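# Working through the structure, step by step
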Amino acid sequence: MRSISQSSPPRSAASITTLLKACKSGEHLQQVHACIIHRGLEQDHFLISLFISRAHSLSYSSSVFHRVLTPSTFLWNALIKSHCHKSLFSHTLSAFARMKAQGALPDTYTYPVVIKACSSMCKALEGKSLHGSAFRCGVEHDLYVGTSLIDMYGKCGEIGDARKVFDGMPKRNVVSWTAMVAGYAAAGDVVEAKKLFDEMPQRNVASWNAMMQGFVKVGDFSGARGVFDAMPEKNVVSFTTMIDGYAKAGDMVASRFLFERAPQKDVVAWSALIAGYVQNGQPNQALRVFLEMESVNVTPDEFILVSLMSASSQFGHLELAQWVDSYVSKSGIDLQQDHVIAALLDMNAKCGNMERALKLFEEKPKRDLVLYCSMIQGLSIHGHGEEAVNLFDRMLMEGITPDEVAFTVILTACSHAGLVDEGRKYFQSMKQKYCISPSPDHYACMVDLLSRSGHIRDAYELIQLMPGEPHAGAWGALLGACKLYGDSELGEIVANRLFELEPRNAANYVLLSDIHAAAERWIDVSLVRSKMRERRVWKIPGCSKI
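Reference entry: report on the structure contained in this document.

Rules and cut-offs
Here the residue numbers are simple positions, counted from 1 along each chain's written sequence. pLDDT decides what is reported in this predicted model: residues at 70 or higher carry local features, side-chain atom pairs at 80 or more are listed and counted, and totals for whole chains, interfaces and linings draw on all residues regardless. No hydrogens and no water enter the side-chain calculation; it runs on all heavy atoms of the structure. Only DSSP runs of H or I covering at least 4 residues are called helices, and only runs of E covering at least 2 are called strands; the numbering of each starts at the N terminus. Here the globule rule is a power law, 2.2 Å times the number of residues to the power 0.38, and the radius of gyration is based on C-alpha atoms. Contacts between residues were defined by any pair of non-hydrogen atoms, one from each residue, lying within 4.5 Å. Note that accessible areas follow from Shrake-Rupley with a 1.4 Å probe, and for residues the cover is restricted to the protein chains shown. Each reported salt bridge corresponds to a side-chain nitrogen of Lys or Arg within 4 Å of a carboxyl oxygen of Asp or Glu. Burial status follows relative accessibility: with a 1.4 Å probe on protein chains alone, a residue under 20% of its type maximum counts as buried, one over 50% as exposed, and anything between as partly exposed. By nonpolar core we mean a set of buried residues, namely Ala, Val, Leu, Ile, Met, Phe, Trp, Tyr and Cys, connected to one another through side-chain atoms within 4.5 Å. Axis definition: a line fitted to C-alpha atoms, limited for helices to the stretch in contact. Angles are taken between N-to-C directions and run from 0 to 180 degrees. Throughout this description, any angle smaller than 35 degrees is read as roughly parallel, any larger than 145 degrees as roughly antiparallel, any in the 65 to 115 degree range as roughly perpendicular, and the remainder as oblique. By convention, the crossing between two helices is left-handed when the near helix turns anticlockwise from the far helix through less than a right angle, and right-handed when the turn is clockwise. To estimate the expected span of a helix, subtract one from its residue number and multiply by 1.5 Å. Here a polar contact means two N or O atoms within 3.5 Å. Within protein one must be a hydrogen donor candidate and the other an acceptor candidate, and residues neighboring in sequence count only if both atoms are side-chain atoms. Residue polarity follows a fixed list, in which Ala, Val, Leu, Ile, Met, Phe, Trp, Tyr, Cys and Pro are nonpolar, Asp, Glu, Lys and Arg are charged, and the others, Gly among them, are polar.

## Structural notes on the overall build of the protein
If you tally the helices and strands in the protein, you get 32 helices and 0 strands. On C-alpha atoms alone, the protein measures out to a radius of gyration of 31 Å, which is more than a quarter above the 24 Å that the 2.2 N^0.38 rule sets for 546 residues. Projected onto its principal axes, the C-alpha coordinates of the protein cover approximately 105 × 55 × 50 Å. Considering only contacts within the protein whose residues lie at least 6 apart along the sequence, 57% involve residues at least 24 apart. Of the roughly 27,500 Å² of accessible surface on the protein, 54% is carried by carbon and sulfur atoms.

## Side note on the environment of M446
Among the structural elements, M446 can be located in helix α27 (residues 440–452). Considered as a pair, M446 and Y460 are 14 residues apart in the sequence and their alpha carbons are 11 Å apart. Other than its neighbours up to four places away in sequence, M446 contacts L411, G423, R424, F427 and L462.

## Focus: the pattern of salt bridges
Evaluated as defined, the whole model comprises 23 salt bridges. The closest approach of N and O atoms between E362 and R394, which form a salt bridge, is 3.0 Å. Note that E362 is positioned in helix α22 (residues 354–363) and R394 in helix α24 (residues 385–397), a separation of 32 residues in sequence. Judged by relative accessible area, E362 falls into the partly exposed class, the value being 40%. The shortest N-O distance in the salt bridge between D448 and R452 comes to 2.8 Å. Separated by 4 residues within a single helix, D448 and R452 lie in helix α27, roughly one turn from each other.

## Here's the deal with the nonpolar core
Within soluble globular proteins, side chains that are nonpolar generally end up buried alongside one another. In terms of nonpolar packing, the biggest core is built from 177 residues, with M309 and I410 touching the most fellow members. The dominant element in this core, judged by the number of residues it contributes, is helix α21 (residues 338–350), at 8 residues. If sequence neighbours within four positions are ignored, M309 has contacts with V324, V328, V340, A343, L344 and M347.

## With respect to the packing of α24 against helix α25 (residues 404–417)
The geometry of α24 relative to α25 is characterised by a closest axis approach of 8 Å and an angle of 150° between their N-to-C directions. What the angle tells us is that α24 and α25 run roughly antiparallel. The two elements α24 and α25 meet at a crossing, and its hand is left-handed. Between α24 and α25, the residues in contact are G385, A388, V389 and F392 and A406, F407, I410, A413, C414 and A417, respectively.

## Looking at helix α30 (residues 488–501)
Helix length check: α30 (14 residues) gives 20 Å between terminal C-alpha atoms against 20 Å at 1.5 Å per residue, within 8%. The set of residues buried in α30 consists of S488, L490, G491, V494, A495, L498 and F499. The inward-facing, buried residues of α30 abut α28 (456–465), α29 (472–485), α31 (506–518) and α32 (522–534). The distance from a side-chain oxygen at the start of α30 to the backbone nitrogen of E489 is 3.4 Å, and the residue carrying that oxygen is D487.

## Quick word on the packing of helix α2 (residues 26–38) against helix α3 (residues 45–54)
At a minimum axis separation of 11 Å, α2 and α3 run at an interaxial angle of 165°. Comparing the axis directions of α2 and α3 gives the class roughly antiparallel. Every pair of crossing elements has a handedness; the one defined by α2 and α3 is left-handed. Here α2 contributes L29, H33 and I36 to the contact with α3, which in turn contributes I48, F51 and R54. Of the residues that constitute the contact of α2 with α3, the class distribution is 4 nonpolar, 1 polar and 1 charged.

## Topic: unusual backbone geometry
Despite not being glycine, S87 has its phi angle at roughly 60°, a positive value. Secondary-structure assignment places S87 in the loop between α5 (73–85) and α6 (89–101). Despite not being glycine, C435 shows a phi value in the positive range, around 55°.

Remember that the coordinates give geometry; whether it matters functionally is a separate question.
Listed below in structure tokens is the structure:
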């Protein structure tokens, strides 16, 4: 668009409307604003509403709005809608409150937008307040207001309230029915969702997708596939739902097959497939799909880049991590978003670029538990156990309360570094200070720590105190320590327990055989090998690609 100064000034509101619709930048918008002021059209509600919808700056659009002497309901709706589209929840509600305070009456166009803002943030309390306001204004039974309330209550988990609104609606359309089905599906009640779905007088593709998503949510992939196959029309959401569902079930073959069948593939479909490979421990495939996506000129979003960083973390390859870091930095996404910075830090920490990870960590003005855990784990993996402990203590000093995952991370760090006293202190503090009952994984970390440090009898006593059945990992760590420290008596007890838990695991038999051999108990060595033959357990021979 040419500069306004290079063309004759527009003579009517209609011509300014055309210019507003053609605006491509903030500079163009300012030029059109100058025209609005020059022509004395600052009180034209239609023009100002269009201006607000085009403005990206909150302060700019608000300042233009506040110059209107008596904003109409129409103009208030434009401002509220602009805030909602920018996901500015507090500003949306604040504008609604000011609207009412200044005497403008909310209408059937106002409430759906404000209620949608509550839906997107799962703000049930504020949504209920708006429901009461709509009731007092006499618009509760409006088709669009009622549908937005059903959607809001469903997304906030208030399914009973959603059903009351649905049943009280004098008129419903396919969107109202779909919102109710989606609400039941989100709550995991596929029985009610299917019952309502079957009663629908008409369905659209969104209705079928909502029902399918309900089955996926509860893990009923047979039911989901039945809905998918029965759909008269499918869109990219239909395919993406099944791609994501199969990925979550660990069936990446089916996930990839459906991806290939999809007639259209948007960025969300690519994201679902890449994330699926990452979640199922197949970073090679995730990287291949990412490069394939690049080759067809699909621009990755922040979620794909987070998955790419997670895949790189699984590789643990420093050069790949540096390439991904550079790619993400040049991508234009907001690196200060919590989930993005957490993934970037985690990747660098796990791949050994501790200098970059520490820089990201220290530059973050507000560090949460996730960032601390990523940094502590990175330090632990790369042999900086004492620094990991110091960082955990710093986290506690900053008033951040550790959870079960944080204790697993720090106990593992203590185990790798042989910090027995620190490990005991953290383990005891779980129950005494933080009211967290240690899980089998926490016990296994402590058993591993004590075993590695030569306290094998203490480890054996601890494993017997574990709530429930100790898993094979804990017994295996203790058996390895028995071999390392030559305790054949305890080694035999531990090995016999492992034979019950893992009768086909040859490594346990070999370890016990090695323990007996080190003690020159050759008869016992022969007995262990005989037991392997009887149970048809074979040690897989090693091989080399050199």
